[in-house]
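Spelled out from the first residue to the last, the chains are:
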Protein chains: 2
Amino acid sequence: MQRYFINKNQIINNTIKIKDNDYHHIKNVMRMKIDDEVIACDQEKSYLCKIISVDDYVNLEIINTLDDNAELLNNVTIAHGLVRREKTEEVIRRLVELGCHKYIPVLMNRSVVRHTNDKQERYMKIIKEASEQSERQKLMEINEIISYKELLALTIHFDLVLFCHTINRQEINLKKVMQSFTGHNILVIIGPEGGFSDNEVKEIMKTKAQLVSLGRRILRTETAPLYVMSILAYEVENEG
Amino acid sequence: MQRYFINKNQIINNTIKIKDNDYHHIKNVMRMKIDDEVIACDQEKSYLCKIISVDDYVNLEIINTLDDNAELLNNVTIAHGLVRREKTEEVIRRLVELGCHKYIPVLMNRSVVRHTNDKQERYMKIIKEASEQSERQKLMEINEIISYKELLALTIHFDLVLFCHTINRQEINLKKVMQSFTGHNILVIIGPEGGFSDNEVKEIMKTKAQLVSLGRRILRTETAPLYVMSILAYEVENEG
């Protein structure tokens, strides 16, 4: 069933007023009629609704609150070396599907692009669409671009920090790390195309970050986040 | 180091003759010189080589056989409902990185495209490039398009067949399946955009296929293979 994200303040007396893009989508794209059903999501709960009228708004009546939950129990944040806009778009779209909580683009030494934060609106549109399609209850957050120094300072706020980098195969087996993990917030750090600089590696190893391996093959910078996020979702959702 | 796939018959008396695209790549793209080193791979072994001369061929001398191994211990074959060419290209590129053994496009009831096998050459080029970049020793195989009936007949040749589909959450936890698996050949079956038809589900459930869940969120048809392949690579490569 079609799913739309709303703000809590759109709910008044058991009805929901839909406007703008979602209004257009319901009325002109989906061509829905009175009594057709949709799901509205306020990022906490999902509501099964039916369309009761269409005027300047599409007006929904809440039939009942749904018991669905597609969110991961743990919050996974992916900090990713800044890459090209098209790659960023693909990565965030798939990370939404895989249950990621937050994406942080980080300006690293070997980031070959220097784009700014002017794409945030477009990214939010992709996140909203992917969240509706994958039937999530929450929108993945996307951070503004931060510096590596700011990333280092963030590490203390997480229960587990995974630094994905291969140095002479001295890294730790990711499965061993996950088997002993009991916390809630996970930060995953992935480099840009050229990987991390020596100095970046040195600096991160002074923090609580753990060096982990992403398998025996060299993954592209846009594949690595999907690999890690798949595994974390799998480990969190499947009891052994 | 730059890596090139060769045929065994290119190795004669400890030297290797490189021609065509790889000749062009070494000479004109990488602008390599005499004594520069490259890795040559015959899909069984990898050889560290140096360039000894350039005439009609780039002539390599084998310095030594390398002990690298980026291949998974298990063979994972992904059978995927036929999707658009651009999606197929993206999926095969990432599956190579993630260690997949073979990709089989399958014409299913809800496949919206009907393209033919004329893209095989282009797909092989992508596979070769992705294998060199991810430092694999073997090229992922790509099958010609087969019918669903042919797919059903193939299932008996595998030790484990995973049918990725959600029916009222009655599917089996993938982790439980992997924990008890001791075989070698795994077949993963993933639907096209619209999923499997009722009849396809009915037919596959008569085979040895096991119904498994890909997590709580709805994955796009091009994300699902990456999720499963990530997890299988992770399970195979990491001892608990």
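Here is what the cut-offs are and how they apply
- Residues numbered from 1 in each chain as written.
- Chains lettered and ligands numbered in written order.
- Predicted model: local features only at pLDDT ≥ 70, side-chain atom pairs only at ≥ 80, totals over all residues.
- Heavy atoms only, no water.
- Least-squares fit on C-alpha atoms with pLDDT ≥ 70 in both.
- Contact = heavy atoms within 4.5 Å.
- Helix = DSSP H or I, 4+ residues; strand = E, 2+ residues; numbered from the N terminus.
- Expected span 1.5 Å × (residues − 1).
- Buried < 20%, exposed > 50% of the residue type's maximum accessible area, 1.4 Å probe, protein only.
- Pairing = 2+ DSSP bridges.
- 1 Å grid on protein atoms, 1.4 Å probe; cavity = no way out; pocket = protein on both sides within 12 Å on 5 of 7 lines; lining within 4 Å.
- Points joined across faces, edges and corners; volume = space filled by probe spheres on them.
- Nonpolar A, V, L, I, M, F, W, Y, C, P; charged D, E, K, R; others polar.

Trainee: For this particular structure, what's the right way to read the relation of the copies chain A and chain B?
Mentor: For the pair of chain copies, the relating transformation is a rotation about an axis with a translation along it. With an RMSD of 0.1 Å, the fit of chain A onto chain B corresponds to turning through 180 degrees and sliding 0.0 Å along the axis. The transformation relating the two chain copies, once decomposed into turn and shift, fits a two-fold axis. Minimal C-alpha separation from the rotation axis in chain A is found for Ile-231 of chain A, amounting to 2.9 Å. Taken as a fraction of all interface residues of chain A, those also at the interface in chain B reach 100%, which identifies the copy contact as same-surface.

Trainee: Help me understand helix α7 (residues 224-237) of chain A, please; the structure alone is not making it clear to me.
Mentor: Within an α-helix, residues lying three or four positions from one another point in the same direction, as the helix has 3.6 residues per turn. Taking 1.5 Å per residue as the helical rise, α7 of chain A with its 14 residues ought to reach 20 Å, and the 20 Å between its terminal C-alpha atoms agrees with that figure. With 14 of its 14 residues buried, α7 of chain A lies for the most part within the structure.

Trainee: How do you make sense of the environment of Ile-126 of chain B when you look at a structure like this?
Mentor: Residue and element names in this part refer to chain B. Structurally, Ile-126 can be placed in helix α3 (residues 120-133). Between the C-alpha atom of Ile-126 and that of Asp-36, which follows or precedes it by 90 residues, the distance is 25 Å. With residues near it in sequence (within four places) discarded, Ile-126 still touches Glu-89, Ile-92 and Arg-93.

Trainee: Where do I start with the pairing of strand β11 (residues 160-164) of chain B in this structure?
Mentor: Looking down a regular strand, the side chains alternate between one sheet face and the other. All names here are of chain B. In terms of burial, β11 is largely enclosed, as five of its five residues are buried. Burial along β11 is two-sided: Leu-160, Leu-162 and Cys-164 facing one way and Val-161 and Phe-163 facing the other are all buried. As paired elements, β11 and strand β12 (residues 185-190) share five bridges and run parallel to each other. For Phe-163, the partnering residue across the bridge sits in β12 and is Ile-189.

Trainee: Please clarify how the layout of surface pockets should be interpreted in this entry.
Mentor: It is the rolling of a water-molecule-sized probe over the atoms that shows where space remains empty. Estimates place the volume of the largest pocket at around 1600 Å³. Contributing to the lining of the largest pocket are 48 residues, with Arg-3, Glu-129, Glu-132, Gln-133 and Glu-135 of chain A lying nearest its centre. Listed by contribution, the elements that provide at least two residues to the lining of the largest pocket are β1 (3-5), α1 (20-29) and α3 (120-134) of chain A. Per element, the largest residue contribution to the lining of the largest pocket is seven residues, and it comes from α3 of chain A. Elements with a minimum of two residues in the lining of the second largest pocket: α6 (198-204) of chain A together with α7 (224-237) of chain B. Its residues assigned to classes, the lining of the second largest pocket comprises 16 nonpolar, 14 polar and 15 charged.

So, to be careful, I would describe these as geometric facts and stop short of saying anything about function.
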